[in-house]
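# Notes for the structure review
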Amino acid sequence: PEDEEFDAYDLCATHVVAISEGEVCGTLRIIRDPEHIKIGRVVVAIPARGRGVASAMIAHAIGLQPENSRFYLTAQTDKTSLYEKFGFVAFGEIFDDGGMPHIAMKTY
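Quick look at the structure, then. (Residues numbered from 1 in each chain as written. Predicted model: local features only at pLDDT ≥ 70, side-chain atom pairs only at ≥ 80, totals over all residues. Heavy atoms only, no water.)

### Quick look at a nonpolar patch on the surface
Formally: Nonpolar side chains (Val, Leu, Ile, Met, Phe, Trp, Tyr) are joined into patches within 5 Å and like charges within 9 Å, using only residues with over 30% relative accessible area and no salt bridge. Working definition of accessibility: Shrake-Rupley area with a 1.4 Å probe, residue cover restricted to the visible protein chains. Here, a salt bridge means any side-chain nitrogen of Lys or Arg that lies within 4 Å of a carboxyl oxygen of Asp or Glu. The way it works is that DSSP assigns letters per residue, a run of H or I at least four long becomes a helix, a run of E at least two long becomes a strand, and they are numbered from the N terminus.
On the surface, Val 17, Ile 19 and Val 24 cluster together into a nonpolar patch covering about 290 Å² of accessible area. Its place among the elements puts Val 17 in strand E1 (residues 14-20).

Structural data, given as structure tokens:
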């Protein structure tokens, strides 16, 4: 829901936007906390899915950070393999977020 999608972090986050043929086709945000860097709000437009847009944005987001940074995110449970390619490991219990099952993931 739109009222849950926007929060105070949007104003201080770094936003990554993917553009294809002049149109926005994906986005994510990066929040820097003292203990980790959080990647969130990863979204790819339906017509652009399956073309590596999310992977490219995640690689770019990670590349913007200092070496040896620790990362954290919460992933839809059917998307964990995407994040595992970047060294993320799932931990904790599955929980509901926006009506979809999610799990926390982090790098070490």
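### A short note on unusual backbone geometry
Residues other than glycine seldom take positive phi values, yet Arg 41 does so here, at roughly 55°. Mapped onto the secondary structure, Arg 41 falls in strand E3 (residues 37-44). Of note in the backbone geometry, Asn 68 takes a positive phi value of approximately 70° without being a glycine. By the element assignment, Asn 68 lies in the loop between helix H2 (53-63) and strand E4 (71-76).

### Considering the sheet that holds E1
Threshold: Strands pair, by our definition, only if DSSP identifies at least two bridges between them. Here an angle of 0 to 180 degrees is reported between the N-to-C directions of two axes, which are lines fitted to C-alpha atoms, with helices fitted over the stretch in contact.
Across the sheet, which stays open at both edges, the six strands sit in the order E1-E2-E3-E4-E6-E5 with mixed pairing between neighbours. The sheet is open, and its two edges are formed by E1 and strand E5 (89-97), each paired on a single side. Along the sheet, successive strands turn relative to each other by an average axial angle of 25°, direction set aside. Relative to strand E2 (residues 23-32), E1 runs antiparallel, the two sharing seven bridges. Bridging from a neighbouring strand, Ser 20 pairs with Glu 23 of E2.

### Focus: the layout of surface pockets
To keep things clear, this is the line we draw: For cavity detection a 1 Å grid was placed over the protein atoms alone, and a set of points counts as a cavity when a 1.4 Å probe fits there but cannot get out; an open set counts as a pocket when protein lies on both sides within 12 Å along at least five of seven lines, with lining residues being those that have an atom within 4 Å of a point. Grid points are joined across faces, edges and corners, and a volume is the space filled by probe spheres set on the points. Under the scheme applied here, ten amino acids are nonpolar (Ala, Val, Leu, Ile, Met, Phe, Trp, Tyr, Cys and Pro), four are charged (Asp, Glu, Lys and Arg), and all others, including Gly, are polar.
By volume, the largest pocket is sized at about 1000 Å³. Arg 41, Val 42, Val 43, Gln 76 and His 102 are the residues nearest the centre of the largest pocket, which is lined by 32 residues in total. Of all the secondary-structure elements, those providing two or more residues to the lining of the largest pocket are helix H1 (2-5), E2, E3, H2, E4, helix H3 (80-84) and strand E6 (100-106). Top contributing element to the lining of the largest pocket by residue count: E3, with seven residues. Across the lining of the largest pocket, the residue classes break down as 14 nonpolar, eight polar and 10 charged.

### Here we look at the environment of Glu 5
Condition: Contact criterion: two residues are considered in contact whenever any of their non-hydrogen atoms come within 4.5 Å of each other.
Within the secondary structure, Glu 5 sits in helix H1. Distance in space between the C-alpha atoms of Glu 5 and Arg 41 is 8.3 Å, their sequence separation being 36 residues. With residues near it in sequence (within four places) discarded, Glu 5 still touches Asp 10 and Arg 41.

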